[in-house]
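Residue-level structural notes
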Amino acid sequence: MKIKVVKEHRKRALELIDMAEQIVKEGDIELARRYVRLALTYSSKFRFKLPLIYKRKICRKCFVPLIPGLTERRRIKNKVIVRTCIYCGWVRRYPVKKTDKGS
């Protein structure tokens, strides 16, 4: 498959995820889900990986873009960030990384 076609679809998939975030803020969740599913279809059909930042923006169970306070609940428990989808209850945990403080 041509590299140019893959690059175009990769760019479109990332745009779709960004547009889905804006649409959720406006209130149309079903349209945002369709955009996210289309972006994931592009990534599987044209065999490219979405960047980690974009993977973490969506719920893997119900395909809703995760926005803190609107579609997602974030909590910190025992040095672990717990992200919960408000719509389906999907939970994901990420360890909090240590940072060097001025030493």
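Report on the accompanying structure. (Residues numbered from 1 in each chain as written. Predicted model: local features only at pLDDT ≥ 70, side-chain atom pairs only at ≥ 80, totals over all residues. Heavy atoms only, no water.)

**So, the packing of helix α1 (residues 3-26) against helix α2 (residues 29-45)**
Between α1 and α2, the shortest axis-to-axis distance is 8 Å and the interhelical angle comes to 165 degrees. When the axis of α1 is compared with that of α2, the two are roughly antiparallel. The handedness of the crossing between α1 and α2 is left-handed. Residue-level inspection shows His9, Arg12, Ala13, Leu16, Ile17, Met19, Ala20, Ile23 and Val24 of α1 in contact with α2, the latter providing Leu31, Ala32, Tyr35, Val36, Leu38, Ala39 and Tyr42. Across the contact of α1 with α2, the residue classes tally to 14 nonpolar, 1 polar and 1 charged. (Axes fitted to C-alpha atoms, helices over the stretch in contact; angles between N-to-C directions. Helix = DSSP H or I, 4+ residues; strand = E, 2+ residues; numbered from the N terminus. Parallel < 35°, antiparallel > 145°, perpendicular 65-115°, else oblique. Left-handed = near helix turned anticlockwise from the far one by under 90°. Contact = heavy atoms within 4.5 Å. Nonpolar A, V, L, I, M, F, W, Y, C, P; charged D, E, K, R; others polar.)

**So, the side chain of Thr71**
Assignment of secondary structure puts Thr71 in the loop between α3 (52-55) and β1 (72-77). In this structure the side chain of Thr71 is engaged in a polar contact, spanning 2.8 Å, whose partner is the backbone nitrogen of Ile67. For Thr71, the residues in contact, after removing those within four places along its chain, are Val24, Val64, Pro65, Leu66, Thr84, Cys85, Ile86 and Tyr87. (Polar contact = N/O pair within 3.5 Å; in protein donor to acceptor, adjacent residues only side chain to side chain.)

**With respect to the sheet that holds strand β3 (residues 91-95)**
If you walk across this open sheet you meet the 3 strands as β1-β2-β3, and the pairing is antiparallel. Each of the sheet's edge strands pairs with one partner strand only, and the pair in question is β1 and β3. Each neighbouring strand pair of the sheet contributes to a mean axis angle of 20 degrees, computed without reference to strand direction. Taken together, the 5 bridges between strand β2 (residues 80-85) and β3 define a ladder with antiparallel strand orientation. (Pairing = 2+ DSSP bridges.)

**Regarding the state of the cysteines**
Under the defined criterion, the tally for this structure stands at 0 disulfides. Free cysteine Cys59: the closest other cysteine sulfur is in Cys88, separated by 3.5 Å. With no disulfide of its own, Cys85 has Cys62 as its nearest cysteine by sulfur position, at a separation of 3.7 Å. On the basis of relative accessible area, Cys85 is assigned to the buried category, the value being 2%. (Disulfide = S-S within 2.5 Å. Buried < 20%, exposed > 50% of the residue type's maximum accessible area, 1.4 Å probe, protein only.)

Everything listed here is a matter of coordinates, which is why it stays silent on function.
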